[in-house]
Every structure is written in C-alpha cells, then in structure tokens.
Amino acid sequence: MPTMTESPPGVSGQGFFLTSLEKAVGLARKNSIWPLPFATSCCGIEFMATMASHYDLARFGSERPSFSPRQADLLMVMGTVAKKLGPVLKKVYEQMAEPRWVIAVGACASSGGIFDTYSVLQGIDKVIPVDVYVPGCPPRPEQIIDGLMKIQELVEKEPLGWRQSAQYKAILAQYGIE
Ligand code: SF4
C-alpha cells in the first residue's frame, strides 16, 4: 500500500503561494518606475504639483525622478516640443535602457495642441513611440496619475520576451531606432 509523505511547510495550507516569474517581474517593475521628466512648458508645472505632497506620486513607487536617461524607465514628455527639439528628445529616448515606456502629457506633447505652426512638432509620436497619451491643456494632476496607472497596467502585463520580439523591433524600426 503506497503512502503519501507530508508536504513541507509553506508548500501547502496557510502560506502557500504560487506565481510565475513573469508576474513577479511585472509586479516589481510596476511599483518601481523611475520617471524622467522632460518638461518644456506649462504642463511641467502640473507635473511639479503631481510630485508634491498633496498628490504625491511616491505612493506609486515613482518618487525618484531621474534626470539621467540611463537611470530612468519612463519618459514623461510634458509641454510643447519644437521641431528643433525633436532630435534631442529622440536622443534622450535612445539613451534609456530597455524596458522603457513613454507618456505624452497634455495636448502639446500628444498632438502639438493649439500650436499648429511650422515650428512645433505635431505630437511626439512623430519621433518616438508613445505608450500612453494624457489629454488636457493642461491635464490636472489626477489625469497625470491616471496616465501613470495606465503605464503600470502595461508594465505589469508585459510579456518577458516582448522587447526581444520581431514585433517590437518593427515598431522601433519605424522610427529609425535600432
Ligand atoms: S498642453 Fe496646454 S498647458 Fe500643456 S504645454 Fe501645451 S499649452 Fe501648456
């Protein structure tokens, strides 16, 4: 008659948990996003309010703004981007290590906003891929937080091999980024 051995503590009953590496990595990444504020005009002021004590972006694990692209994984573009600034923005994006995400905060970053002129980039997605667009002129801090939470959802659900996939490389290739 075969006998069953006792399960070691922690593998069954109270305290038992099971997950996949993908979910564990997603959870860690989601709650430790380091934003790089690329603020060129008024929407940047809303970001300052979002970081300050009342709205407190630190609650989402993002209390460490990075002004170095190499130590950031979320590019937050806030404000009007002139066409002359486009190559600079692209360079900043290229200097960020994978995995990296981008939010266009406000009408100007998303579409050029009210500045439909020869000198203004009509949306940063003309030079870099964008993950989340936050509408408004300017968006309130609650909207910026909502945009960050949308990024968190993307980060949490991202498959581990996505950055090495042909699909992702094809998206970057559209922007001339290798
Ligand atoms: S969207 Fe409005 S508030 Fe934001 S940078 Fe443009 S003009 Fe300023």
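Everything that follows concerns the structure shown earlier in this document.
Residues numbered from 1 in each chain as written. Predicted model: local features only at pLDDT ≥ 70, side-chain atom pairs only at ≥ 80, totals over all residues.

**Looking at the overall build of the protein chain**
For the protein chain, the count of helices and strands is six helices and four strands. Element order for the protein chain, N to C, with α for helix and β for strand: α-β-α-β-α-β-α-β-α-α. At 20 Å, the protein chain has a C-alpha radius of gyration far larger than the 16 Å of a compact globule built from 178 residues. Of all 178 residues assigned to the protein chain, the portion counted as buried reaches 28%. Once local pairs closer than 6 in sequence are excluded, the contacts in the protein chain between residues at least 24 apart make up 80%. (Helix = DSSP H or I, 4+ residues; strand = E, 2+ residues; numbered from the N terminus. Rg over C-alpha atoms; globule rule 2.2 N^0.38 Å. Buried ≥ 20, exposed ≤ 12 C-beta atoms within 10 Å, placed from the backbone. Contact = placed C-beta atoms within 7 Å.)

**Concerning the site of the ligand**
The full set of residues close to the ligand is Ser 41, Cys 42, Cys 43, Gly 79, Thr 80, Gly 106, Ala 107, Cys 108, Gly 113, Cys 137 and Pro 138. Taken together, the residues that form the shell around the ligand break down as six nonpolar, five polar and no charged. (Near = placed C-beta within 6 Å. Nonpolar A, V, L, I, M, F, W, Y, C, P; charged D, E, K, R; others polar.)

**Thoughts on the sheet that holds strand β4 (residues 132–134)**
Read across the open sheet, the four strands follow the order β1-β2-β3-β4; overall the sheet is parallel. Every interior strand has two partners, whereas the edge strands, β1 (35–39) and β4, have only one. Strand after strand, the sheet turns through a mean of 20 degrees between neighbouring axes, direction not considered. The pairing of β1 with strand β2 (residues 74–78) spans five bridges and is classified as parallel. (Pairing = 2+ DSSP bridges. Axes fitted to C-alpha atoms, helices over the stretch in contact; angles between N-to-C directions.)

**What about the nonpolar core?**
Membership of the largest hydrophobic core comes to 34 residues, with the highest contact counts inside it found for Leu 75, Met 76, Val 77 and Val 105. Of all the secondary-structure elements, those providing two or more residues to this core are β1, α2 (43–51), β2, α3 (86–95), β3 (101–105), α4 (106–111), β4 and α5 (141–157). In this view, Met 76 contacts Pro 35, Leu 36, Pro 37, Phe 38, Phe 47, Ile 103 and Val 105; residues no more than four positions away in its chain are not counted. (Core = buried A, V, L, I, M, F, W, Y, C linked by C-beta atoms within 7 Å.)

**Brief notes about the packing of helix α1 (residues 21–30) against α5**
α5 packs onto α1 with a crossing angle of 155 degrees between their chain directions and a minimal axis gap of 7 Å. With respect to their mutual orientation, α1 and α5 come out roughly antiparallel. Relative to α5, α1 is oriented so that their crossing is right-handed. Contact residues: α1 offers Gly 26, Leu 27, Arg 29 and Lys 30, while α5 offers Gln 152, Val 155, Glu 156 and Lys 157. Looking at the contact of α1 with α5, its residues break down into two nonpolar, two polar and four charged. (Parallel < 35°, antiparallel > 145°, perpendicular 65-115°, else oblique. Left-handed = near helix turned anticlockwise from the far one by under 90°.)

**Examining the environment of Leu 36**
Turning to its location among the elements, Leu 36 is positioned in strand β1. You can call Leu 36 buried: it has 23 C-beta atoms within 10 Å. Setting aside its immediate chain neighbours within four residues, Leu 36 contacts Ser 66, Phe 67, Pro 69, Ala 72, Leu 74, Leu 75 and Met 76.

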